[in-house]
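Structural characterization, general
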Amino acid sequence: MTRALILGGTADASLLAAEIARAGIEAVYSYGGRTRAPADQPLPTRIGGFGGVSGLADYIRREGVTHVIDATHPFAAEMSGNAVTACAETGAPLIALERAPWTKAPGDNWIEVADVNAAVATLPESPAKIFLAIGRQHIAPFATRPQHAYTLRFVDPPEAPLPFAADVVVSRGPFTLDGELEMMRARGIAWIVARNSGGDGARAKIDAARTLGLPVIMISRPRLPERLRAENVSEVMQWLGHRTCLGA
């Protein structure tokens, strides 16, 4: 009997959860716990970490998990690495639902960098208005460039003081091109720092930067262990041995 574990937190993971529920597959959706009010799912849900590789392996064994789907954010390198190791230890099959990264289009002005520290080093020396579209876990290094006026966007209001003064926008995606254009124009944004997350839900800021002719410091995805990958829900459902009924 199939019992799947979805390591979620992304829009793709929610689409997969809906499809799995429609197919009547027994599954649990796991949130990492970073968002205080996560979106409801049509599956039993757990919130919080597992306690590293050993904790995840124990959970897989204890709960009789037969299939693990890593549908976490492309930059959730620690969780993805733990999943690879835990599944190898337990023998549970693993697949990653991993959306393709964005690629440059005509008119894009990208400066591609390896990580957050490289992004900080790439910022201009003179003061500028900068949109940090990278999540609150990764903003601390930008405190070394306090001359800039930063705009941050979070799903939840920050609970602790930020490491530097910033204009905070609290909003949950997906975002539209018109909305991103309005936000950037209203705040006079001159630079954007983004992670190459891929997918459609967060792409609007990249399209808006192209429309406005703004430079984007694009942080490349981290290296992850080799694992089976799928780019869409249909491929995951086939892997689970079920036909997808998306759009039905």
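Refer to the preceding data block for the structure.
To start, this report covers the structure provided alongside it. (Residues numbered from 1 in each chain as written. Predicted model: local features only at pLDDT ≥ 70, side-chain atom pairs only at ≥ 80, totals over all residues. Heavy atoms only, no water.)

Brief notes about the pairing of strand S5 (residues 94-97)
Cut-off, in case you're wondering: Under the scheme applied here, a residue whose accessible area is under 20% of the maximum for its type counts as buried, over 50% as exposed, and between as partly exposed, the area being computed with a 1.4 Å probe on protein chains only. The way it works is that DSSP assigns letters per residue, a run of H or I at least four long becomes a helix, a run of E at least two long becomes a strand, and they are numbered from the N terminus. When DSSP finds two or more bridges between a pair of strands, those strands are recorded as paired.
Neither face of S5 is left uncovered, since the one carrying Leu94 and Ala96 and the one carrying Ile95 and Leu97 both have all their residues buried. Note: strand S4 (residues 67-70) against S5, 3 bridges, orientation parallel. Opposite Ile69, over in S5, you have Ile95 as the bridge partner. Pairing of S5 with strand S12 (residues 228-230) involves 3 bridges; the strand directions are parallel. Its bridge partner being in S12, Ala96 is matched across the sheet by Arg229.

Description of the sheet that holds strand S11 (residues 215-219)
Heads up, the rule is: Axes here mean lines fitted to C-alpha atoms, for a helix over just the part in contact, with angles spanning 0 to 180 degrees between N-to-C directions. Contact between two residues is taken to exist if any of their heavy atoms lie within 4.5 Å; hydrogens are not considered.
Spatial strand order, S6-S11-S10-S7-S8-S9: 6 strands in an open sheet with parallel pairing. On the outer flanks of this sheet lie strand S6 (109-113) and strand S9 (166-170), each paired with one strand and no other. When strand polarity is set aside, the average angle formed by the axes of neighbouring strands in this sheet is 20 degrees. In this structure, S6 lies alongside S11, joined through 5 bridges in parallel fashion. Residue Ile111 lies in a different strand from S11, and its bridge partner there is Ile217. Taken strand by strand, helix H6 (residues 204-212) contacts S6, strand S7 (129-133), strand S10 (191-195) and S11, and its axis lies near 150 degrees from that of S10.

Details of the packing of helix H2 (residues 52-62) against helix H3 (residues 77-90)
For clarity, the threshold we go by: Every angle not falling under 35 degrees, over 145, or within 65 to 115 is termed oblique; those three ranges are roughly parallel, roughly antiparallel and roughly perpendicular. By definition, turning the near helix anticlockwise from the far helix through less than a right angle yields a left-handed crossing, and turning it clockwise yields a right-handed one. Throughout, the ten residues Ala, Val, Leu, Ile, Met, Phe, Trp, Tyr, Cys and Pro are labelled nonpolar, Asp, Glu, Lys and Arg are labelled charged, and all others, Gly among them, are labelled polar.
Contact geometry of H2 with H3 gives a least axis separation of 8 Å together with a crossing angle of 50 degrees. When the interaxial angle is binned, H2 and H3 end up oblique. Crossing angle aside, the handedness with which H2 passes H3 is right-handed. Side by side, H2 and H3 meet where Gly52, Val53, Leu56, Ala57, Ile60 and Arg61 of the first sit next to Met79, Asn82, Ala83, Thr85, Ala86, Cys87, Glu89 and Thr90 of the second. Its residues assigned to classes, the contact of H2 with H3 comprises 8 nonpolar, 4 polar and 2 charged.

Topic: the packing of helix H5 (residues 177-187) against H6
The contact between H5 and H6 brings their axes to 8 Å, and the two run at 60 degrees. Relative to H6, the element H5 is oriented oblique. With respect to the hand of their crossing, H5 and H6 are arranged in right-handed fashion. Of H6, the residues touching H5 (which contributes Leu177, Glu180, Leu181, Met184 and Arg185) are Ala204, Lys205, Asp207, Ala208, Ala209, Thr211 and Leu212.

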